[in-house]
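# Structural overview
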Amino acid sequence: MASSFTRLISGRNTAVLLASLGAGTMATGFLLSENSSLAAEAKKKLYPPSSDYPDLRKHNNCMASALTPAIYAKLRDKLTPNNWTLDQCIQTGVDNPGHPFIKTVGCVAGDEESYEVFADLFDPVIKDRHNGYDPRTMIHPTDLDSSKLTHGMFDENYVLSSRVRTGRSIRGLSLPPACSRAERREVERVVVTALAGLKGDLAGRYYSLGEMTEQEQQQLIDDHFLFDKPVSPLLTSAFMARDWPDARGIWHNNEKTFLIWVNEEDHTRVISMEKGGNMKRVFERFCRGLKQVEHLIQERGWEFMWNEHLGYILTCPSNLGTGLRAGVHVRLPKLSKDPRFSKILDNLRLQKRGTGGVDTAATGDTFDISNNDRLGKSEVELVQLVVDGVNYLIECEKRLEKGQDIKVPAPIPQFKK
Amino acid sequence: MPFGNTHNQLKMKFTPEQEYPDLSKHNNHMAKVLTPAMYERLRSKQTPSGFTLDDVIQTGVDNPGHPFIMTVGCVAGDEETYEVFKELLDPVIEDRHGGYKPTDKHKTDLNPDNLKGGDDLDPNYVLSSRVRTGRSIRGFCLPPHCSRGERRAVEKLSIEALASLSGDLKGKYYALKNMTDAEQQQLIDDHFLFDKPVSPLLLASGMARDWPDARGIWHNDNKTFLVWVNEEDHLRVISMQKGGNMKEVFNRFCTGLTKIESLFKDRGHAFMWNEHLGYVLTCPSNLGTGLRAGVHVKLPNMSKHAKFEEVLKRLRLQKRGTGGVDTAAVGGVFDISNADRLGFSEVELVQMVVDGIKLLIEMEKKLEKGQSIDDLMPCPEKL
């Protein structure tokens, strides 16, 4: 249950103490003989950290930029309370030197405590990925009050669909890279039980990946809801596809505007979406749904992983803070061909993707435009940033249609101090 | 994963039922043998280096089946895996290796003089001949479980040992991560280069971690003797050449292997071997000899014959596509090799291939002439 782990992770020193205790409880008493594999303890002595240091010379990811032999030597033999190791955190970054479109993170958390026990690695990675955000000193604002959002209706001649997604982790259970089958099934049980309590426009049902009928599967594919076993080596190298499809599933409301993925890349991914440009309504439903789910799990003694420095804790450091990606599919035929397009996006703190998601390139004139940032700004701030930014892009497109010139906007500042 | 896995102990707080994998859609040896009761008895154990039951079976859980072959569905992380988890692995071995019992002894015979014939397989049909096996170095964890430090130590030892080979075995090592584009292209053209595994059977067991660190290919100048380092096993040793002179291939194989073994012994390292399981390798399917002797052979008529499969079965042979285990045959050319690995010696297995291929070619020739092959049918396989 949640409460014991909450107490444990309250102090950094406690976590480190527990981690070092974990190492001592290993099965000992096996003799080292020349005819047997070395017992784990003896192996650590025979293979100093320098012999295990990964070859990162051809690598370009945040982990490779941050890791040093000194950090590795200090952390290699440490364990989180769930006995997760540094090598397990960085395996995905060692196995995947780079990505054609984005600088990948290259490390994952196996549990909430990973971010603390391996802070010497994760802190610089977080700084690198999140524009200099310092988890030691800075506080992350959480704000799910959707009433604060203004101008959240887009011109539907340009915006085809609107979507907001985030993730949530259940405190006390290991994350997808590390979880055992029983833990993963427990996540599924906790989440599905809670979702069954949603009512009104949020009432819906759960489809277990392993048990859905062919018909249900086809419907979910047609609705663009179905997620499949990860093929991206970024995810498979991080052990997230183990035991597929056990305890994985999709929940959605009857109206097909609120969707939850269970045990894909995070414990849960929560998605609010609809066709058209009513981002205000999408965000309102998002916030309401999230709060209700949180309430429903709290009734049963569970809570989400969260702390005031890192916000919501998710598997990938890139999703810390809000874990929020608010985006639209938008047609920008003229603007996308303008040489200033990338700079405009940069200054608005927006990113473009193909409409197939992060690993795709755009085809035609339709782009997936969303916020770059996740940590250091609240949910309301980020969605407002997307709303204002997309409205600006549409303005530019309209001006270009009329043969008028456009301006590159001033860069948006990064953190409120 | 290296350095122990006391994560295993934390699973004890869940019941065995809560942790038991869903194998309802599975068809591999592991899924046929594992039961909830067995899982309960074994799940608290680990080998001295920390390999656990869940580590053993992960690949079988993640891969329910294979279109062409019955997969094993479990791997060893170290030599002791076969002892600590014998309750699971003995029945898997028995099922996979034709009824081989936990009390049986395996015979090793690497004396090529004991092979009769084999130097004259008809080159009009046999395009190439090849013998491969694997070897594991005692004291190091196997590819699913080894750390980077261990894998590099295996590589270093292998490079030193292979550098001492001389005569027609003299050769050169190409580290996967250091080779030039030109070297890489040459190795591809020679059909020597192995690439990062893409098969989910291998990926799910953790064998592709840290690729291409400490992986490489060694081959002799004549390009007839090849060693893969740290692919699916510590070492894969391959002797091959075009044409049908399997005897020569096997001679070189035995000579080279024996020499390599003594070079390792000189440096204080033995191969993993015991009198029950023979040579110990990562996959239980490769225990015993770890030997696959095969040819690429043209059998366009024979392969269309209704009795082709039955003939192969009686000869204790298996067919594959010429791209290897995960491929289908193209253009009537098959990779035909011994089906067995354990319970027969190296000489016995190569003899089966030599004799079997001779018979298949005779049958092919008869079918070319429109004649029947009924009087050539081999006896039903001896059990």
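No experiment lies behind these values; they were computed from the predicted model shown.

What follows concerns the overall build of chain A. A count of helices and strands for chain A gives 15 helices and 10 strands. Counting the 417 residues in chain A, one finds 59% classified as buried. Here the contacts in chain A between residues at least 6 apart in sequence split such that 74% fall between residues at least 24 apart. Of the roughly 17,200 Å² that chain A leaves accessible, carbon and sulfur atoms contribute 54%.

Residues and elements named next belong to chain A. Annotation of chain A at the domain level lists domain 1 (43–130) and domain 2 (146–402). Here domain 1 and domain 2 have C-alpha centroids that lie 27 Å from each other. Contacts between the two partners involve 24 residues from domain 1, matched on the other side by 27 residues from domain 2. At the boundary of domain 1 with domain 2, total buried surface from both sides reaches about 2,000 Å², with 68% on carbon and sulfur atoms. If you sort the residues of domain 1 by the area they bury against domain 2, Glu 112, Tyr 115 and His 130 come out on top, with a joint share of 31%. Counting every contact that joins domain 1 to domain 2 gives 1 salt bridge. A salt bridge links Arg 171 to Glu 112; its shortest N-O distance comes to 2.7 Å. Between the two partners, domain 1 and domain 2, sit 9 residue pairs in polar contact (both at pLDDT 80 or more). Those elements giving two or more residues to the side of domain 1 that touches domain 2 turn out to be helix 7 (86–95) and helix 9 (119–129).

As a measure of interface size, the accessible area lost when the parts come together is often cited. Each partner contributes residues to the interface: chain A has 51 residues there, and chain B has 45 residues. Each partner contributes to the roughly 3,800 Å² buried at the junction of chain A and chain B, and carbon and sulfur atoms together form 46% of this total. Put simply, chain A and chain B have 3 salt bridges between them. Between Asp 55 of chain A and Lys 177 of chain B there is a salt bridge; the shortest N-O distance is 2.8 Å. Summed over the shared surface of chain A and chain B, the number is 21 residue pairs in polar contact (both at pLDDT 80 or more). Broken down by secondary-structure element, the contributors of at least two residues to the side of chain A that touches chain B are helix 3 (40–46), helix 4 (49–52), helix 7 and helix 10 (181–195) of chain A.

Ranked by size, the top nonpolar core spans 62 residues in total, and within it Met 246, Met 302, Ile 336, Ile 357 and Leu 360 of chain B carry the most contacts. Excluding residues that lie within four positions of it along the chain, Leu 360 of chain B makes contacts with Leu 299, Met 302, Phe 308, Val 311, Leu 312, Leu 315, Leu 317 and Ile 336 of chain B. In terms of nonpolar packing, the next biggest core, distinct from the first, is built from 60 residues, Tyr 206, Leu 324, Leu 332 and Leu 385 of chain A among them.

What follows covers the side chain of Thr 366 of chain A. Residues and elements named next belong to chain A. Looking at the secondary structure, you find Thr 366 in strand 10 (residues 366–371). The buried category is assigned to Thr 366, whose relative accessible area is 18%. Not counting residues up to four positions away in its chain, the partners in contact with Thr 366 are Leu 160, His 329, Val 330, Arg 331 and Thr 355.

Once that is clear, we can look at helix 11 (residues 246–266) of chain B. All names here are of chain B. For helix 11, with 21 residues, the first-to-last C-alpha span of 30 Å sits near the 30 Å given by 1.5 Å per residue. When helix 11 is considered as a whole, its buried residues turn out to be Met 246, Val 249, Phe 250, Arg 252, Phe 253, Cys 254, Gly 256, Leu 257, Ile 260, Glu 261, Leu 263 and Phe 264. Where helix 11 ends, the next residue or the one after it, Gly 268, has phi of about 85°, a positive value.

About the criteria used
All residue numbers here refer to positions counted from 1 along the written sequence of the relevant chain. Chains and ligands are labelled by the order in which they are written, letters from A for the one and numbers from 1 for the other. Reporting of local features is limited, given that this is a predicted model, to residues whose pLDDT is at least 70; pairs of side-chain atoms are given and counted only at 80 or more, and all residues count toward the totals for whole chains, interfaces and linings. The basis for every side-chain value is the complete set of non-hydrogen atoms in the structure, without hydrogens or water. Secondary structure elements are defined from DSSP: runs of H or I of at least 4 residues count as helices, runs of E of at least 2 residues count as strands, and each element is numbered from the N terminus. Classification of residues uses two cut-offs on accessible area relative to the type maximum, computed with a 1.4 Å probe and protein chains only: under 20% is buried, over 50% is exposed, and between them is partly exposed. In what follows, residue pairs with any heavy atoms lying within 4.5 Å of each other are defined as contacts. Only the protein chains shown count as covering a residue, and every accessible area follows the Shrake-Rupley method with a 1.4 Å probe. These domain limits were set by an automatic method or by a database of domain assignments. What counts as buried area is the accessible surface, traced by a 1.4 Å probe, that two parts surrender upon association, with contributions from both included. Salt-bridge detection follows one rule: a side-chain nitrogen of Lys or Arg within 4 Å of a carboxyl oxygen of Asp or Glu. In protein, a polar contact requires one atom able to donate a hydrogen and another able to accept it; more generally it is a pair of N or O atoms within 3.5 Å, and residues adjacent in sequence count only if both atoms are side-chain atoms. Nonpolar core, defined: a set of buried Ala, Val, Leu, Ile, Met, Phe, Trp, Tyr and Cys residues in which side-chain atoms within 4.5 Å join the residues together. By definition here, a helix of n residues has an expected span of 1.5 Å times n minus one.

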